[in-house]
Each structure stands twice: as C-alpha cells, then as structure tokens.
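# Per-entry structural report
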Amino acid sequence: MELKYENRGLSGNRGSASIEASIVVTLLIFISLFFFEICEIRTVEATIYEAASETAEYMAEYSYLTDHLGMLGVTDYPMAKIRFMNYVDDKALLEKYVTGGVYGISLIGSQLPGEDNYVEIRYTYQIKLSIPIFCNFTKLCTGKVRQCAYFGKDIGSSASDKSEAADGEKVYLADGSEVYHKDKDCTYLKPSVTKTSLEEAKEKGYTKCRYCSEVTGDEVYITKYGEVYHSSKDCSRIKRNITEVDADETSLPPCSKCGH
C-alpha cells in the first residue's frame with residue numbers, strides 16, 4: 001500500500017510539471033506573437049509616413065499648376081487623397097492592421113498649401129491589433145509631414161525679377177540652384193547644420209533628402225531653413241559649390257531671403 005501511495009505522488013508531480021510546462025510554452029507563444037505584431041505595426045507606421053512624404057512632395061509641385069490655373073484649394077484634397085493611396089506600397093498590410101485599410105486613413109486637416117506656403121499632410125488612422133485568445137485592442141494614431149510649396153514665377157514677371165539685380169552686379173549660384181543670391185553668406189547657401197535624432201527630425205516635419213544615402217543609425221542632420229533631413233553632413237545639398245557670376249548672365253529669379 002505504501003508503494004502505491006508513492007507512485008501516485010510521483011504521478012502527481014509529473015502532472016504538475018506538465019501543467020507548468022504548458023503555461024510556459026503558452027507564455028512564450030504569446031510573447032513571440034506580441035513582438036511580431038509590434039514589428040508589423042512599426043512597418044505600418046513607416047509605410048504610412050513614406051506615403052505621406054511622397055504625397056507632400058507631389059502636392060508641393062502640384063500647387064504650382066493649380067496656382068497658375070486658379071484652381072488652388074478646389075482640387076487639392078481629392079488629388080492628395082488619390083496620390084496618397086497610390087503611394088502606399090503594402091495595402092494588404094494596412095488592410096490587416098488599419099481599420100478600413102488604406103481607405104480608413106484620413107487626410108482631413110491637411111494644408112494644401114497653408115497660408116505659410118507650406119504643404120502639410122496630416123494623417124489620422126486607427127491601428128487594430130488582434131491576438132487570438134490573448135488580446136484585442138485599437139489605438140488612434142496621427143502624424144504629419146511638411147513640405148515647402150513650389151509656386152514659381154510668372155513668365156511675365158521674369159524681367160522684373162532679373163532687373164532687381166543691377167547691371168554689372170555680381171550674384172552667386174549654387175550647384176542645382178533655382179535662384180540667385182546677392183549675399184555670398186546667405187543662410188540658404190551656407191546653412192547652419194544641426195545634428196539631431198531621426199525620430200525628432202520626423203516629429204518636426206522633416207522628410208528624407210532624396211540625394212542622401214539611407215540612414216544607418218539614429219542620428220541625422222538638419223538645417224534651420226530646410227525641410228529635409230540628411231544622413232550625412234557632407235551631403236551635396238548642404239555643402240554646395242558656389243559660383244560668382246554677373247547678374248545679367250543668369251535668368252534665375254532672386255532668393256527670397258537675400259535677393260530683394
């Protein structure tokens with residue numbers, strides 16, 4: 001009888017160990033699923049931000065056309081929404097984690113452009129996370145991207161712009177410049193460069209410089225009057241070759257900061 005009692009005790013210990021092992025395995029599965037879902041949500045956030053950045057860039061150029069055709073403010077929002085949806089790379093991923101998928105992302109409140117001549121894409125969406133048995137929740141997310149609008153100049157005003165620089169006066173051009181500068185030390189020619197974190201740069205509305213390589217760390221470089229962040233402080237858009245020319249040798253309009 002005593003031997004049978006001991007056998008029952010051993011069987012009970014084995015049963016307890018099996019239950020504990022099951023609990024541990026279940027917890028490990030839950031933790032693995034949780035971190036997988038978090039990584040997927042980060043990918044969703046990056047996908048939406050990238051689409052918003054490309055939309056802001058497009059609308060900055062589109063504002064030039066609508067301004068000259070007198071349609072500014074009439075067709076902007078529908079066009080921004082269409083472009084945003086086209087720029088979303090992984091619609092299936094958004095369908096899984098965003099309520100309403102790509103159609104559930106609202107751009108209401110965006111400035112296209114605003115009074116400060118900046119395009120600001122503001123987006124709002126609701127993240128949904130569902131792990132069977134364990135959890136099911138939603139979270140409202142918002143973000144924004146800013147981009148300077150390109151209004152350009154009327155053809156009829158080019159002569160007056162050019163006349164703003166006196167005959168024989170020297171002006172300064174930078175590589176790829178779209179304007180001329182009267183001041184060689186203009187902050188647009190020699191911007192003050194600040195190092196900051198990638199996250200902070202994005203929060204301030206800076207978008208990635210299309211001339212820079214991919215950001216490999218968490219640090220980027222921004223300028224006081226710029227709209228993009230740079231992966232290197234040696235980017236050609238920061239360190240620019242400056243050429244001195246006669247004012248009558250260029251047909252470019254003047255810099256808005258030093259050219260008037």
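Our subject is the structure that appears above.
Residues numbered from 1 in each chain as written. Predicted model: local features only at pLDDT ≥ 70, side-chain atom pairs only at ≥ 80, totals over all residues. Heavy atoms only, no water.

### Structural notes on the packing of aromatic side chains
Summed over all chains, the structure comprises one aromatic pair. Look at Tyr 123 and Tyr 125: their rings are 6.3 Å apart centre to centre, the planes differ by 20°, and that puts the pair in the stacked class. Comparing Tyr 123 with Tyr 125 shows no difference in burial state: the two are buried. Here the basic side chain of Arg 83 rests over the ring of Tyr 58, its NZ or CZ set 4.6 Å away from the ring centre. The lysine or arginine in question, Lys 202, covers the ring of Tyr 49, its NZ or CZ lying 5.1 Å from the ring centre. (Phe/Tyr/Trp six-rings, centres within 6.5 Å; stacked < 30°, edge-to-face > 60°. Buried < 20%, exposed > 50% of the residue type's maximum accessible area, 1.4 Å probe, protein only. Lys NZ or Arg CZ within 6 Å of the ring centre and 35° of its normal.)

### Observations concerning the pattern of salt bridges
Close approach of charged atoms allows side chains with opposite charge to pair. Using the criterion set out here, one finds six salt bridges in the structure. Note that Asp 246 is salt-bridged to Lys 170, the shortest N-O span being 2.5 Å. Of this pair, Asp 246 sits in strand E8 (residues 242-246) while Lys 170 sits in strand E3 (residues 170-174), and the two are 76 residues apart along the sequence. Relative accessible area serves as the criterion here: at 39%, Lys 170 is assigned to the partly exposed category. (Salt bridge = Lys/Arg side-chain N within 4 Å of Asp/Glu carboxyl O. Helix = DSSP H or I, 4+ residues; strand = E, 2+ residues; numbered from the N terminus.)

### Let's talk about a negative patch on the surface
Residues Glu 50, Glu 54, Asp 89, Asp 90 and Glu 214 make up a contiguous surface patch of negative charge. Relative to the assigned elements, Asp 89 resides in the loop between helix H2 (76-87) and helix H3 (91-97). For Asp 89, a relative accessible area of 60% translates into the label exposed. (Patch = residues over 30% accessible without salt bridge, like charges linked within 9 Å, V, L, I, M, F, W, Y side chains within 5 Å. Areas by Shrake-Rupley, 256 points an atom, 1.4 Å probe, with all protein chains shown as cover. Lys, Arg positive; Asp, Glu negative; His and termini not counted. Charge placed at Lys NZ, Arg CZ, Asp CG, Glu CD.)

### So, H2
Side chains that are three or four residues apart share a direction in an α-helix, a result of its 3.6 residues per turn. Between its first and last C-alpha, H2 extends 16 Å over 12 residues, near the 16 Å set by a 1.5 Å rise per residue. Residues Asp 76, Ala 80, Lys 81, Phe 84, Met 85 and Tyr 87 constitute the buried set of H2. Buried residues in H2, looked at end-on, bunch into an arc of 165°, giving them a common side. (Expected span 1.5 Å × (residues − 1). Arc of directions from axis to C-beta.)

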